[in-house]
Structures are given as C-alpha cells and as structure tokens.
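Residue-level listing of the chains:
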Amino acid sequence: IEMVDYGQLPAVRIRGTDGAQAIVTLYGAHLVSWQGADGAERLFCSAASKLDGSRAIRGGVPVIFPQFAERGTGMRHGFARVATWRLADSGAHDGAAFAVFMLEDGDLAPALAQAWPHGFALALRVEVNGAALALTLEVRNTGADAFAFSAALHTYFSVSHLARVRIGGVQEGELHIDDNFDHIYRGIDGAMTLADGATTLHLAQDGFGDAVVWNPGALDAAALNDMEDAEYQRFVCIEPALIAPLTLAAGAAWRGAHTIRIDA
Ligand code: TA6
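Residues numbered from 1 in each chain as written. Predicted model: local features only at pLDDT ≥ 70, side-chain atom pairs only at ≥ 80, totals over all residues.

An unreviewed UniProt entry lists the protein chain under the name Putative glucose-6-phosphate 1-epimerase, from Massilia violaceinigra. Turning to the protein chain, the UniProt record has this under Sequence similarities (unreviewed entry): "Belongs to the glucose-6-phosphate 1-epimerase family." Per UniProt, the protein chain has the following entry under Catalytic activity (unreviewed entry): "alpha-D-glucose 6-phosphate = beta-D-glucose 6-phosphate". (UniProt positions renumbered as here; feature names shortened; annotations may be inferred.)

**Student:** Give a description of the overall build of the protein chain that names residues and reports values.
**Tutor:** A tally of regular secondary structure across the protein chain gives two helices and 19 strands. Computed over the C-alpha atoms, the radius of gyration of the protein chain is 17 Å, within 12% of the 18 Å expected from 2.2 N^0.38 for a compact globule of 264 residues. Considering only C-alpha atoms, the protein chain reaches an extent of 50 × 40 × 35 Å along its principal axes. In the protein chain, which comprises 264 residues, the share counted as buried stands at 41%. (Helix = DSSP H or I, 4+ residues; strand = E, 2+ residues; numbered from the N terminus. Rg over C-alpha atoms; globule rule 2.2 N^0.38 Å. Buried ≥ 20, exposed ≤ 12 C-beta atoms within 10 Å, placed from the backbone.)

**Student:** Tell me about the pairing of strand β10 (residues 147-153), residues and numbers included.
**Tutor:** Buried residues dominate β10, accounting for five of its seven residues. Pairing analysis gives two bridges linking strand β5 (residues 63-64) to β10, with the strands arranged antiparallel. When the bridges of β10 are listed, Ile64 appears paired with Ala152. Looking at chain direction, β10 and strand β18 (residues 235-248) are connected through five bridges and run antiparallel. Counted as the bridge partner of Ala151 is Leu242 from β18. (Pairing = 2+ DSSP bridges.)

**Student:** Which residues make up the site of the ligand, and what values do they have?
**Tutor:** In the neighbourhood of the ligand, the contacting residues comprise Ala69, Arg76, His77, His154, Asp182, Val212, Trp214, Cys237 and Glu239. Of all the secondary-structure elements, those providing two or more residues to the shell around the ligand are β17 (210-215) and β18. Of the residues in the shell around the ligand, the class split is four nonpolar, two polar and three charged. (Near = placed C-beta within 6 Å. Nonpolar A, V, L, I, M, F, W, Y, C, P; charged D, E, K, R; others polar.)

**Student:** Talk me through the sheet that holds strand β3 (residues 21-25); I want residue IDs and the actual numbers.
**Tutor:** The sheet built from four strands is open, its strands ordered β1-β2-β3-β4 with antiparallel pairing. This sheet does not close on itself; its edge strands, each paired only once, are β1 (2-6) and β4 (30-35). Geometrically, the sheet is characterised by an average inter-axis angle of 30° between neighbouring strands, direction not taken into account. Sheet topology places strand β2 (residues 9-15) next to β3; five bridges connect them, and they run antiparallel. Looking across to β3, one finds that Ile14 is bridged to Ala22. (Axes fitted to C-alpha atoms, helices over the stretch in contact; angles between N-to-C directions.)

**Student:** Residue-level account of the pairing of strand β16 (residues 199-206), with values.
**Tutor:** Of the pairings in the sheet, the one linking strand β15 (residues 192-196) to β16 comprises five bridges and is antiparallel in character. The residue of β16 that forms the bridge with Leu194 is Leu201. Linkage of β15 to β16, two consecutive antiparallel strands, is achieved through a turn of two residues, within which Gly197 is found at a positive phi near 60°. Taken together, the seven bridges between β16 and strand β19 (residues 253-263) define a ladder with antiparallel strand orientation. Within β19, the position partnered with Thr200 by the bridge is Asp263.

**Student:** Now, about the nonpolar core: what can you tell me, with residues and values included?
**Tutor:** Ranked by size, the top nonpolar core spans 73 residues in total, and within it Val24 and Phe157 carry the most contacts. If one sorts the elements of this core by residue count, β18 sits on top with eight residues. (Core = buried A, V, L, I, M, F, W, Y, C linked by C-beta atoms within 7 Å.)

**Student:** Just give me the short version of the sheet that holds strand β13 (residues 173-175), but keep the residues and values in it.
**Tutor:** Taken in spatial order, the nine strands make up an open sheet running β6-β7-β8-β9-β19-β16-β15-β12-β13, and their pairing is antiparallel. Each end of this open sheet is capped by a strand with a single partner; those strands are β6 (86-93) and β13. The average undirected angle you get between the axes of adjacent strands in this sheet is 15°.

**Student:** Describe unusual backbone geometry, and please don't skip the residues or the numbers.
**Tutor:** The residue after Phe65, namely Pro66, is reached through a cis peptide bond having omega 0°. The topology assignment puts Pro66 in the loop between β5 and β6. Positive phi is not limited to glycine here, since Asp94 has a value of about 50°. For Asp94, the location among the structural elements is in the loop between β6 and β7 (96-104).

**Student:** Quick one: what's the story with the UniProt feature "active site" (unreviewed entry) in the protein chain, residue by residue and with numbers?
**Tutor:** Following the UniProt record, one finds the feature "active site" (unreviewed entry) at His154 and Glu239. Taken together, the annotated residues stretch across 86 residues yet fold into one region, lying no more than 4.7 Å apart by C-alpha. Within the secondary structure layout, His154 lies in the loop between β10 and β11 (156-158). Relative to the helices and strands, Glu239 is located in strand β18.

**Student:** Any details on the environment of Asp206? Residues and values, ideally.
**Tutor:** Here Asp206 shows up in strand β16. Asp206 sits 122 residues away from Thr84 along the chain, and the two C-alpha atoms are 26 Å apart. Non-local contacts of Asp206, meaning those with residues more than four positions away in its chain, are made with Gly256 and Ala257. (Contact = placed C-beta atoms within 7 Å.)

And the structure:
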C-alpha cells in the first residue's frame, strides 16, 4: 500500500500483485476507486464531488453509520462518511492486498461526539483480490450502555448507461431503472447481480439484512449541487444495508460484509 492524494484528501492505495487496486480516503474511510486486475474502474465518483473534506464524497462507497437517511436522531446518513478515520492495518496474502481503517468515539470532533454520545469502534476492511473486492464493516460497542444503529455501504457502481443495466436477485426478478428510483428491499437473501452489457458483477452480502437500490433520475440529479446533470445515467447505487436499527449490548460486536466479483 502507499499514501496518495485524492483531490485534497489523503488516501491509501491498496494494490495486489496482479494490478487490482483500490483507493480509500481517510475522510470517511471512503472507497473512491476500485479496479480489478483488468484495470477497468468499477465505481462511479462525480466530477462535481467536493474532495476537500467539506462534505461527503459523491460516489464510491460512503460508509453509512449510525443512521440511515433521516431514520434516527442526528445527521442524515450518519457521521461516519464525514469523519476522519485512521489506517489501522494493511498487508497482503495469496495475491490479495488489504487495508483496515478504524474510527472510534475518541476520534470524533466534539460536536459529533456530543450528538451521539456512545463508546464505539468501527473497522472497515477493504481487500482487493483479482476480480473480487471484499468490504467488511465491524461495529463494536466499547461503551457501558447498549446503543442502536443502522448501517450501509452506499455503493455507487459505474455503468455504461443506466438504460443498459439489469439488476437481478431482487424480489421482482429483474429490475430495470428508467428514472428516479429509491427502494429498500427487506430480507435480501442470496446474491444480487448487476448486468451491464457483457459484464456482470456478482454481489454477495452477509450480516446486512437489506439492500437499497437508488438512482436520482434526471430531476433529482439536477437538484444535487455535487452531481452533474447527466451523471445519473452513469451509475446505480446498490447498497447492502441494515435499515431497522439494531441494538448492540455493551461489549458486543456486529459484522456486515459485501463481496463483489467481476464476471466479464
Ligand atoms: O440510499 C438512498 C438514499 O437514501 C436516497 O434517498 C438518496 O437521497 C441517497 O441516499 C443519497 O443521499 P445523500 O445524503 O448522499 O444525498
């Protein structure tokens, strides 16, 4: 691994021996780029995104914690995506390369820590391995009292064009998005797929019981000041999520994983 700059943000580049690589900014432990060994970028990041730590990055994989959207008290989609994490570990094994990022209550700016006064430790592990990416989020309650949380890995996949995309593994069989779409699928079991032309991404989640599929469509995209108007056609968000807040007892831990494999 090596330290690089992503916009104005310090970031970690994780590189496997076969050339597969990922870039994660310390701001948000935000995965902003992932390429398998074939060198093709698989994640979308808006050309209009702020990359200076003034607001969450628009694209990649925002870590959503401890609340999803407006459900809960505090800030929309939580504070993990706007907090500065630490690189805690990195290494390589059998051709794979990984890094682990951590965020604890003591790392938070005072205003954030006061808004959510609980002892916690988050660990995000990012591993590249040939055609696969594995993300694991661990939430640990390090405080004396139970807390409840929601979480998601709000993944923005880069696509050739929204019109060409087919999403499989959801309740209705195969999903095709024309315009604005925002849906929570509860109790996702088994794998989802994202087909785009000749390429299919296989998405497997574990621990996260739900999945969210989102695209803003033309109107909502135009209203976002950190996204260019036509960019909604270049991505789809498929997000492993834990929507209904889960209560974690003092000392307990929860893990959620998302594994993505490119089948081209
Ligand atoms: O996960 C879908 C969603 O909650 C949508 O409702 C949409 O607004 C999106 O996330 C982006 O939220 P953001 O706060 O990043 O603008």
